[in-house]
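Tertiary structure, described
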Amino acid sequence: MIELRGVTKSFGTNHVLRGVDLVIPRGSSMVIIGGSGTGKSVTLKCVLGLVRPDSGTITLNGQDVTKGDRDAFLAQFGMLFQGGALFDSMRVWENVAFRLQRGALKKPKAEAREIAIEKLRRVGLGPQVADLFPAELSGGMQKRVSLARAIAADPQIIFFDEPTTGLDPIMSGVINDLIREIVTEMGATAMTITHDMSSVRAIADNVAMLHGGKVRWTGPVGDMDATTDPYVQQFIHGRAEGPIESLR
Amino acid sequence: MSLLSPLAALGRMALGLLASLGRIAIFAGQVVSHLFRPPWYPREFLHALIQIGWFSLPVVGLTALFTGGALALQIYAGGARFSAEAVVPAIVAIGMTRELGPVLGGLMVAARVASSIAAEIGTMKVTEQIDALVTLSTNPLKYLAVPRVLAATLAVPVLVAVGDSIGIMGGWAVGVHRLDFNSAAYLKNTINFLESWDVVSGLIKGAAFGFLVALMGCYHGMNSGRGAQGVGAATKAAVVSASVLIFAANYLLTELFFS
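Keep in mind that what you see is a predicted model, and the values were worked out from it rather than measured.

**Focus on the interface of chain A and chain B**
Counting from both sides, the interface comprises 23 residues of chain A and, opposite them, 16 residues of chain B. For the pair chain A and chain B, the two sides together bury roughly 1600 Å², of which 57% comes from carbon and sulfur. Together, Phe87, Arg99 and Arg102 of chain A form the three largest contributors to the area buried by chain A at its contact with chain B, with a combined 28%. Taken together, the connections running from chain A to chain B amount to four salt bridges.

**Considering the pattern of salt bridges**
One side chain can pair with another of opposite charge once the charged atoms of both are near each other. All names here are of chain A. Across all of its chains, the model carries 19 salt bridges over all chains by this definition. The residue Lys9 makes a salt bridge to Asp54 at a minimum N-O spacing of 3.6 Å. Of the two residues, Lys9 is situated in strand β1 (residues 2-11) and Asp54 in the loop between α1 (40-48) and β4 (55-60); the sequence distance between them amounts to 45 residues. When its relative accessible area of 11% is taken as the criterion, Lys9 is described as buried. With a relative accessible area of 47%, Asp54 lands in the partly exposed category.

**Quick word on the packing of helix α1 (residues 5-35) of chain B against helix α6 (residues 140-177) of chain B**
Residue and element names in this part refer to chain B. Two elements in contact, α1 and α6, have axes whose closest approach is 9 Å; the angle formed by their N-to-C orientations is 85°. One element, α1, and the other, α6, form an angle in the roughly perpendicular class. When α1 is examined against α6, the residues Phe27, Gln30, Val31, His34 and Leu35 are found in contact with a partner set consisting of Leu141, Lys142, Ala145, Val146, Val149 and Leu150. Here the residues of the contact of α1 with α6 are counted per class, giving eight nonpolar, two polar and one charged.

**Here we look at the packing of helix α4 (residues 88-126) of chain B against helix α9 (residues 227-258) of chain B**
All names here are of chain B. Two elements in contact, α4 and α9, have axes whose closest approach is 8 Å; the angle formed by their N-to-C orientations is 150°. In terms of orientation, α4 lies roughly antiparallel with respect to α9. Crossing of α4 over α9 shows right-handed handedness. When grouped by side-chain class, the residues that make up the contact of α4 with α9 number 16 nonpolar, nine polar and two charged.

**Overview of the pairing of strand β3 (residues 29-33) of chain A**
All names here are of chain A. Most of β3 is tucked away, with five of its five residues classed as buried. What you see with β3 is no split at all: Ser29, Val31 and Ile33 on one side and Met30 and Ile32 on the other are buried throughout. In this sheet, strand β8 (residues 189-193) lies alongside β3 in parallel orientation, the contact comprising four bridges. Pairing of Met30 across the sheet is with Met191, part of β8. Where β3 lies against strand β9 (residues 206-211), four bridges are found, and the strand directions are parallel. In the sheet register, Val31 faces β9, and the bridge partner there is Val207.

**Here we look at the sheet that holds strand β7 (residues 157-161) of chain A**
All names here are of chain A. Spatial strand order, β6-β7-β8-β3-β9-β10: six strands in an open sheet with mixed pairing. Looking at which strands have only one partner, the edges of the open sheet turn out to be β6 (77-80) and β10 (214-220). Each neighbouring strand pair of the sheet contributes to a mean axis angle of 15°, computed without reference to strand direction. For β6 and β7, the ladder comprises four bridges, and the chain directions are parallel. Bridge assignment links Phe77 to a residue of β7, and that residue is Ile157.

Analysis parameters
- Residues numbered from 1 in each chain as written.
- Chains lettered and ligands numbered in written order.
- Predicted model: local features only at pLDDT ≥ 70, side-chain atom pairs only at ≥ 80, totals over all residues.
- Heavy atoms only, no water.
- Contact = heavy atoms within 4.5 Å.
- Buried area = accessible area lost by both parts, 1.4 Å probe.
- Salt bridge = Lys/Arg side-chain N within 4 Å of Asp/Glu carboxyl O.
- Helix = DSSP H or I, 4+ residues; strand = E, 2+ residues; numbered from the N terminus.
- Buried < 20%, exposed > 50% of the residue type's maximum accessible area, 1.4 Å probe, protein only.
- Axes fitted to C-alpha atoms, helices over the stretch in contact; angles between N-to-C directions.
- Parallel < 35°, antiparallel > 145°, perpendicular 65-115°, else oblique.
- Nonpolar A, V, L, I, M, F, W, Y, C, P; charged D, E, K, R; others polar.
- Left-handed = near helix turned anticlockwise from the far one by under 90°.
- Pairing = 2+ DSSP bridges.

This is the structure:
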């Protein structure tokens, strides 16, 4: 279980998070929605330790994420970055097997390559792409390679940062279905941040909406449409009029 | 108020400079401390060694060749004023090994390597590849900076040694073919006058310059701003700071070695 209590973070005079409280039960899929600049990415980076919160606590299974063995902590995570963040100096299979070729999870090269090809197959890519470089792939394929890298070491927790941004609707559907299938079959805890409502409906068990640096609403995805919260209603229906200013 | 504002601006500039120096010193300390702590990344080190050492050979060699030749012409013309043309071989050899080999070699490596390291790491930063390294349980400083700094510290002295030899050869070629020196006498003069400390001090300078060049490339790359403009600014800062630090370190080392 991931638990955030009163997390705040400011960059200079820009108060991005103003007390975020959020609970993500083990094995569930939480999707965080909200407009641009509401602190979704910062929240995710705080959990990973890429950004240090100014105050508040973040715990993973009751343990403070800022204390203890950092490598052991990060070994539980997989992350799909918005732009893929593939290492462009490495071949596709080396990207996928990055964690399996270094550190505590190091495996022999042949075995690491075999696992990478298996993970590529899991995301719908054939072994012929294994020896290509990321720049030789389309955007959708890069996203799938990044997804394969995120799941390569069978993590217990997977984060997805805008998984469908920049993809056509069909490829978005493919990525959404893949994420849902993988999270379910691995039994992993998932945290996704997105603007894409089709992603929310495909991936989420629970939804949280961030606004003004706080969680405005949270609940099961099935309750989202029925909520009377005007902020949620404006966001999920994409209306220009409402309490959320369209010019931010 | 308006009278004091230039002073305040000067103070802000001085404080900013000191803060930057402090950050660079902390970064250098971290890099050095990680040199001695596992895990190490031998593949990245070898890759950096080839990129920094092998691929810089042509540019360092050509610079040294033309510098050695020009130096021979200058010393000959200058020496002729007091009938000391015979010192050409000795001055070319000492000038190349003590000063021009390491400084010009270091500057060429700064132009070629500091810029490429800063641009590569800066691009990795803006495309979240450095964040990805962290989530893959890899310390970016250890994985990106340590192999490059170590490779440059070891490779630049070798480049300087090659540059010294080519520079002296350039001086010899000009001396023999343009200034009518006897080939054997030129070489004998070079060998007789050159002391091992002349060469060794230049190689130590080379190691220091290599360290500074890679350090500046990595530091500015990892602190790059957002977007193409941020990477461009980081690249420029890396080359400028590496070049200035080479000149400053050259003066300090010369003072230390020869005063």
